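Architecture and fold: a report
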Amino acid sequence: MLYNHNPTLTDVPKAIDESRQGETVYWEQVMPGPPSRKRFYIESYGCQMNFSDSEIVAAVLAEDGYAPTRILEESDLILINTCSIREKAEETVRKRLRLFDAVKRQRPGVLVGVLGCMAERLKKKFLEEEKLVDIVVGPDAYRDLPKLVANAEDGEKGINVFLSREETYADISPLRLDSNGVSAFISIMRGCDNMCSFCVVPFTRGRERSRDAFSIVAEATHLFEQGYREVTLLGQNVDSYKWQNPETGKVVSFAELLEMVALVHPHLRVRFTTSHPKDMTDEVLYTMARHDNICKYIHLPVQSGNSRILQLMNRTYDREWYLQRIEAIERILPDCAISSDIITGFCTETEEEHRDTLSIMERANYAMSYMFAYSERPGTLAAKKYRDDVPEEVKKRRLNEVIHLQNQISLRHNQADIGKTFEVLIEGDSKRSKDEFKGRNSQNKMLVFPKQPGLTPGDYVRVRVVAATTATLLGEIVS
Ligand code: 5AD
Ligand code: SF4
């Protein structure tokens, strides 16, 4: 799962959003916001799935008459969509809650709600420990928010952490927050059945379930009509997507879904994340090869390069099997970039086993990785079965080695692109200058290049790479 290392405020939409009727409408039009209208403010932490869920929450609240605000101090309802994946993620949330407390004290009547994984993990404890939290809502209970908010307004604290086997929010049209109007996320499944021993997700997000394939295609089509040019299919384990059509009994696999979305329009790019190596079949790779608009980029978390550690992690593959998947990608999709998630210092990991992680990174030639020191999470299989026995400073040192190596590999990977020309989807102005655009190539690399008149975000351009850093390719438009 892609992870946001520096969680920032989820910006409330500046520009366009979609209406349920299928026409482009501006936020100001959707939300004329008479002064009496109640306002909600939402912050999101953690994975893309959480950011995507916040867009569902925003849609549910908008339907209930709430208008969004970016200004914490003017909100009537403060929501924080939380992450439990590592202890640090939870600490960040607790810090923010203390700040919200101060706002609450200044403006009595303001409600604070905790959403997402931490809500699910801590349940009632949240209301007991954090006295000033009014509402606690787990990832499958967002439809219940209006009722919980109404009760809280009457002074009754509310909690719903029911985990569902069916909920996919398929019928809710997300209210696009912080949108660049070019790329959007589409949630295609929820939950996770994998039971990796380090991971809290199966406990906080429940059982795996796939969303109606036709509702996904409809959402992608709708986004394309709105001017979006890139969709990322989201889930904790997208490549195990499997949806059975209740009318025909036919089962749609992930490869088939990818194809259905790719066929929406050749100018709509399709990405997906996160994949589990065990489900990354040749069928998926061949489907990617058949469609130019399915981006040639796979996030394929390895976690560790050592087979014994992988077994303790319950990843269900070993080093050789993972490398055989890498070979399949190289064979079927020669221009595909691969990225990874890596954990250092998992229970009982030795120096030699750590070096296996370094060597698999070299072999897989990851374009980039998200790298973490192991953080024991209460209730997980690892917490129950193994001792968290690698000292903190060893975990950190190994993490630094992994980061150092990834920086070298990323730079090499990027330098190999110098002189190549890529099709780039323009996303907007570069961070540095209004005279430059930024956009990604199919391999998910960010390119920065001088603007040319007549081009706008959402356009495709051909860009030749002239220089590279670890994180960015610098280029120029070729006509
Ligand atoms: N400690 C450290 N990293 C973790 N991840 C998941 N659980 C933990 C944990 N307990 C990492 C994995 C996963 C990514 C989203 O976060 O690498 O792929
Ligand atoms: Fe996402 Fe996992 Fe964090 Fe939940 S715990 S927000 S699923 S990364």
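How each quantity is defined
Residues numbered from 1 in each chain as written. Chains lettered and ligands numbered in written order. Predicted model: local features only at pLDDT ≥ 70, side-chain atom pairs only at ≥ 80, totals over all residues. Heavy atoms only, no water. Near = heavy atom within 4 Å. Polar contact = N/O pair within 3.5 Å; in protein donor to acceptor, adjacent residues only side chain to side chain. Areas by Shrake-Rupley, 256 points an atom, 1.4 Å probe, with all protein chains shown as cover. Helix = DSSP H or I, 4+ residues; strand = E, 2+ residues; numbered from the N terminus. Domains from an automatic or database assignment. Contact = heavy atoms within 4.5 Å. Buried area = accessible area lost by both parts, 1.4 Å probe. Salt bridge = Lys/Arg side-chain N within 4 Å of Asp/Glu carboxyl O. Nonpolar A, V, L, I, M, F, W, Y, C, P; charged D, E, K, R; others polar. Phe/Tyr/Trp six-rings, centres within 6.5 Å; stacked < 30°, edge-to-face > 60°. Buried < 20%, exposed > 50% of the residue type's maximum accessible area, 1.4 Å probe, protein only. Pairing = 2+ DSSP bridges. Axes fitted to C-alpha atoms, helices over the stretch in contact; angles between N-to-C directions.

**Brief notes about the site of ligand 1**
- Taken together, 12 residues sit near ligand 1, with Arg86, Phe198, Gln303, Asp341 and Ser375 positioned nearest.
- Here a nitrogen atom of ligand 1 sits 3.0 Å away from a polar atom, N or O, in the side chain of Arg86.
- Taking Ser375, its main chain carries an N or O atom lying 2.7 Å from a nitrogen atom of ligand 1.
- Calculation on ligand 1 without its partners gives an accessible area of 410 Å², and the protein chains cover 95% of this total.
- Listed by contribution, the elements that provide at least two residues to the shell around ligand 1 are β17 (337-344) and β18 (368-373).

**Re the domain arrangement of the chain**
- If you check the domain split of the chain, you get domain 1 (39-160), domain 2 (180-295) and domain 3 (421-477).
- The distance between the C-alpha centroids of domain 2 and domain 3 comes to 26 Å.
- Taken together, the 9 residues of domain 2 in the interface contact 12 residues of domain 3.
- Carbon and sulfur atoms make up 48% of the surface buried where domain 2 meets domain 3, a total of about 810 Å² over both sides.
- In terms of surface lost to domain 3, no three residues of domain 2 exceed Val182, Arg269 and Arg271, which account for 57% of the buried area on that side.
- At the surface where domain 2 touches domain 3, the tally comes to 0 salt bridges.
- At the junction of domain 2 with domain 3, the criterion picks out 6 residue pairs in polar contact (both at pLDDT 80 or more).
- Broken down by class, the residue content of the side of domain 2 that touches domain 3 amounts to 3 nonpolar, 2 polar and 4 charged.

**Some points on the packing of aromatic side chains**
- Applying the stated criterion to the full structure yields 9 aromatic pairs.
- The interplanar angle of 15° and the centroid separation of 6.0 Å between the aromatic rings of Tyr142 and Tyr169 together place this pair among those described as stacked. On the criterion of sequence distance, the pair formed by Tyr142 in the loop between β7 (135-137) and α6 (145-153) and Tyr169 in the loop between β8 (158-160) and β9 (183-187) is long-range, its members being 27 residues apart. Each member of the pair Tyr142 and Tyr169 is classed as buried.
- Residues Phe346 and Tyr374 carry aromatic rings whose centres are separated by 4.9 Å and whose planes lie at 75° to one another, so their mutual orientation is edge-to-face.

**Concerning the sheet that holds strand β15 (residues 269-273)**
- Ordered in space as β9-β12-β15, the 3 strands form an open sheet in which the pairing is parallel. A single partner strand is all that each edge strand has here, and the edge strands are β9 and β15. Neighbour-to-neighbour, the strand axes of this sheet turn through a mean angle of 25°, independent of strand direction.
- Note that β9 and strand β12 (residues 230-234) share 5 bridges and pair parallel. Looking at the pairing, Ser183 lines up with Glu230 of β12.
- Across the sheet, helix α8 (residues 213-226) is in contact with β9 and β12; its angle to β9 comes to roughly 165°.

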